[in-house]
Amino acid sequence: GPIIVYLLMICFGLTIFAIMIGMITENFQSFVAGMNEGRTKATIKGHTLILGWNETTVRVVVQIALLRASFLQQNRTWVRTIFWWKRTKPTTPVTAAHVVI
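In this report, we go over the structure that sits alongside the text. (Residues numbered from 1 in each chain as written. Predicted model: local features only at pLDDT ≥ 70, side-chain atom pairs only at ≥ 80, totals over all residues. Heavy atoms only, no water.)

1. Details of the overall build of the protein chain
- Along the protein chain, the regular secondary structure elements total 4 helices and 0 strands.
- Helices (α) and strands (β) of the protein chain occur, in sequence order from the N terminus, as α-α-α-α.
- On C-alpha atoms alone, the protein chain measures out to a radius of gyration of 27 Å, which is more than a quarter above the 13 Å that the 2.2 N^0.38 rule sets for 101 residues.
- Overall, the protein chain is about 85 × 40 × 15 Å in size when its C-alpha atoms are taken along their principal axes.
- For the protein chain, buried positions account for 9% of its 101 residues.
- Working note: accessible area of the protein chain is about 9,200 Å², and carbon and sulfur atoms make up 70% of it. (Helix = DSSP H or I, 4+ residues; strand = E, 2+ residues; numbered from the N terminus. Rg over C-alpha atoms; globule rule 2.2 N^0.38 Å. Buried < 20%, exposed > 50% of the residue type's maximum accessible area, 1.4 Å probe, protein only. Areas by Shrake-Rupley, 256 points an atom, 1.4 Å probe, with all protein chains shown as cover.)

What follows is the structure in structure tokens.
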């Protein structure tokens, strides 16, 4: 009677649960594998991407950091902090972007 129904419900519930866990695990593994292979989309805006690394890359990063520091220093006065329309406009998109290494 009811014991057989309970046992069948438990087996059916465990089977459905195992199938769901397996699907979630497979999707997560494929997502991580895609990230490792570089198949993800970069949706971030306002940054500079330097592809390739060689002996001149350090110099380029330092120049970008100096350009950014100069831009921030120009806008650090109290007048330009309070009155936003007085701020110096960035000369390039690289100037306004954050430097992340």
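There's plenty left to go through after this.
2. Comments concerning the packing of aromatic side chains
- Applying the stated rule across the entire model yields 2 aromatic pairs.
- Ring centres of Phe83 and Trp85 lie 5.3 Å apart, and the angle between their planes is 50°; on these two criteria the pair is classed as tilted.
- In this structure an aromatic cluster arises from ring pairing among Phe83, Trp84 and Trp85. (Phe/Tyr/Trp six-rings, centres within 6.5 Å; stacked < 30°, edge-to-face > 60°.)

3. A look at helix α1 (residues 2-37)
- In a regular helix each residue adds 1.5 Å, so 36 residues correspond to 52 Å; α1 covers 52 Å between its end C-alpha atoms and thus fits that length.
- Gly38 lies just past α1 and shows a positive phi near 85°. (Expected span 1.5 Å × (residues − 1).)

4. Description of a nonpolar patch on the surface
- Together, Phe12, Ile16, Ile19, Met20 and Met23 line one region of the surface with nonpolar side chains, adding up to about 520 Å² of accessible area.
- Tracing the sequence through the fold places Phe12 in helix α1. (Patch = residues over 30% accessible without salt bridge, like charges linked within 9 Å, V, L, I, M, F, W, Y side chains within 5 Å. Salt bridge = Lys/Arg side-chain N within 4 Å of Asp/Glu carboxyl O.)

5. Some words on the environment of Thr81
- Along the polypeptide, Thr81 turns up in helix α3 (residues 78-82).
- Between the alpha carbons of Thr81 and Val32 there is a distance of 43 Å; along the sequence they are 49 residues apart.
- Once residues within four sequence positions are removed from consideration, Thr81 is found in contact with Asn75, Arg76 and Arg87.
- A distance of 2.7 Å separates a polar atom in the side chain of Thr81 from the backbone oxygen of Thr77. (Contact = heavy atoms within 4.5 Å. Polar contact = N/O pair within 3.5 Å; in protein donor to acceptor, adjacent residues only side chain to side chain.)

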